[in-house]
Amino acid sequence: MNTENFLASERLVNAAYVRQGSQGRRAHELRLRALLEQGKCPEDGWDESTIELFLHELAIMDSNNFLGNCGVGEREGRVASGLVARRHYRLIHGIGRSGDISAVQPKAAGSSLLNKLTNSVALDIIKLAGVRTASSCFVVPMATGMSLTLCFLTLRHKRPKAKYIIWPRIDQKSCFKSMITAGFEPVVVENVLEGDELRTDLKAVEAKIQDLEADNILCVHSTTSCFAPRVPDRLEELAEICARYDIPHIVNNAYGVQSSKCMHLIQQGARRGRIDAFVQSLDKNFMVPVGGAIIAGFSDSFIQEISKMYPGRASASPSLDLLITLLTLGTKGYQQLLKERKEMFSYLSENVKKLAEAYNERLLETPHNPISLAMSLRELDKQSGTAVTQLGSMLFTRQVSGARVVPLGSQQTSSGEANMMCRDCWTLNSHQPQPA
Ligand SMILES: *Cc1c(COP(=O)(O)O)cnc(C)c1O
């Protein structure tokens, strides 16, 4: 309703009541205005009614929702099912133009606005979570692995001779495949055991760089969030090495936004040395369905180059889900979840330690890993060859998901001990009732 319509309403309903109604609407609109003007995540989460009002306003700005629209092209935002239309709040055009995923789409002012706002709110949250000097980011409708691939492909044009990517080892398939799919050869640098922790072997990284020569290296590909006993890479030192040898540095920050330590590492790395981009998963950090990631960095022009590498238009769903989620939580709600996760991790750590001791086992000491825990299973291993794998299936049948049991000698662990990996307190956390 606009002013004219409110005036027209006064002929039907008492003017005083209409005025109240119009003030009610104004309260919603003030929130929208603050978002549009500042492009920041609101402190307090919005009501669903405000969010829905906003989404409907955006949708009617798109040409597929114009009354009397006569689309004669092959892509005009047609959908056969009303269910599908409603599932997407009638935002059907997706985001971007053929040449750039961040570009404005003339047929879809509403979707374009949604895209710009989401990226701006996402940047606000990334800064708030600890990478204060991040200058640019965008949401891509691809999970983390493919988003890393996009970063590597963007670097290819800048480094035509490069064949190799230096990669401190992490046992996760999609980040390995992200390099293969981009057409590069991963150069695996084994980690070193320090106490119980597996840490970046900086000397080996530097030796590899000297051995292969900088021009032949596309980038260093490091990792923050990972399973214990591996700990986040030594980002500061890696970033310094990258700056010294003039080699790009891409950071896999898959589930690191939820951890102030991981974010701090990225901030320090960028301050002391070189980080070109860091990539984080939407589902792992923001409790939305799988299918999106945020690519962020410190140079607007490089982040824009990556967004220009994306061929064609893209799905708006991950952006829409992220925006709805952040507007629902507000910065207070998100920070509260981060705080709860941290507390949950200490609680988990304390109790897994007690449990381990009660069974003559040991919680490994991995203080540099703020997200994941590992405990030994020596006693089980002594019992029989299958006891350890049985534990895995017992946890599974008791509906414990996300914990991993790694049998001794399995290729996945280099620490020489069989480790049960209790990962991801976020998963535990997200099983709790969600904030209203
Ligand atoms: C989740 C994750 C990835 C990427 O997985 P996607 O399915 O592509 O999102 C990469 N590396 C690590 C360490 C991860 O945890």
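Residues numbered from 1 in each chain as written. Predicted model: local features only at pLDDT ≥ 70, side-chain atom pairs only at ≥ 80, totals over all residues. Heavy atoms only, no water.

Enquirer: Would you mind going over the pattern of salt bridges with me for this structure?
Expert: Pairing between side chains of opposite charge can happen when their charged atoms approach one another. One pass over the full model with this rule turns up 22 salt bridges. The partner of Arg-169 in a salt bridge is Glu-190, and the shortest N-O contact between them spans 3.1 Å. Of this pair, Arg-169 sits in the loop between strand E2 (164–168) and helix H7 (173–181) while Glu-190 sits in the loop between strand E3 (185–189) and strand E4 (192–194); the two residues are 21 residues apart in sequence, bridging distant segments of the chain. A residue is classified by how much of its surface remains accessible, and Arg-169, at 17% relative accessible area, is buried. (Salt bridge = Lys/Arg side-chain N within 4 Å of Asp/Glu carboxyl O. Helix = DSSP H or I, 4+ residues; strand = E, 2+ residues; numbered from the N terminus. Buried < 20%, exposed > 50% of the residue type's maximum accessible area, 1.4 Å probe, protein only.)

Enquirer: Help me understand the site of the ligand in this model?
Expert: Neighbouring the ligand are the residues Ala-143, Thr-144, Gly-145, Ile-170, Gln-172, Ser-174, Cys-175, Ser-225, Asn-252, Ala-254, Tyr-255 and Lys-284. Within the contact set of the ligand, an oxygen atom lies 2.7 Å away from a backbone nitrogen or oxygen of Gly-145. Contacts to the ligand include Asn-252, whose side-chain N or O atom sits 2.8 Å from a nitrogen atom. Bound to the protein, the ligand loses 83% of the 380 Å² it would expose on its own. Of all the secondary structure elements, the ones that give two or more residues to the shell around the ligand are helix H6 (144–158) and H7. For the shell around the ligand, a count of residues per class yields five nonpolar, six polar and one charged. (Near = heavy atom within 4 Å. Polar contact = N/O pair within 3.5 Å; in protein donor to acceptor, adjacent residues only side chain to side chain. Areas by Shrake-Rupley, 256 points an atom, 1.4 Å probe, with all protein chains shown as cover. Nonpolar A, V, L, I, M, F, W, Y, C, P; charged D, E, K, R; others polar.)

Enquirer: Can you help me understand the nonpolar core in this one?
Expert: One recurring pattern in soluble globular proteins is that nonpolar side chains are buried together. One finds Phe-54, Val-140, Phe-152, Phe-286, Ile-294, Ile-295 and Ile-306 to be the most contacted residues of the largest nonpolar core, which totals 76 residues. Per-element accounting of this core gives the leading share, nine residues, to helix H13 (residues 317–358). With sequence-adjacent residues up to four places away left out, Ile-306 is seen in contact with Phe-138, Leu-150, Cys-151, Thr-154, Ala-277 and Ile-295. Listed in part, the 14 residues of the second largest apolar core include Phe-345, Val-352, Leu-377 and Val-405. (Core = buried A, V, L, I, M, F, W, Y, C linked by side-chain atoms within 4.5 Å. Contact = heavy atoms within 4.5 Å.)

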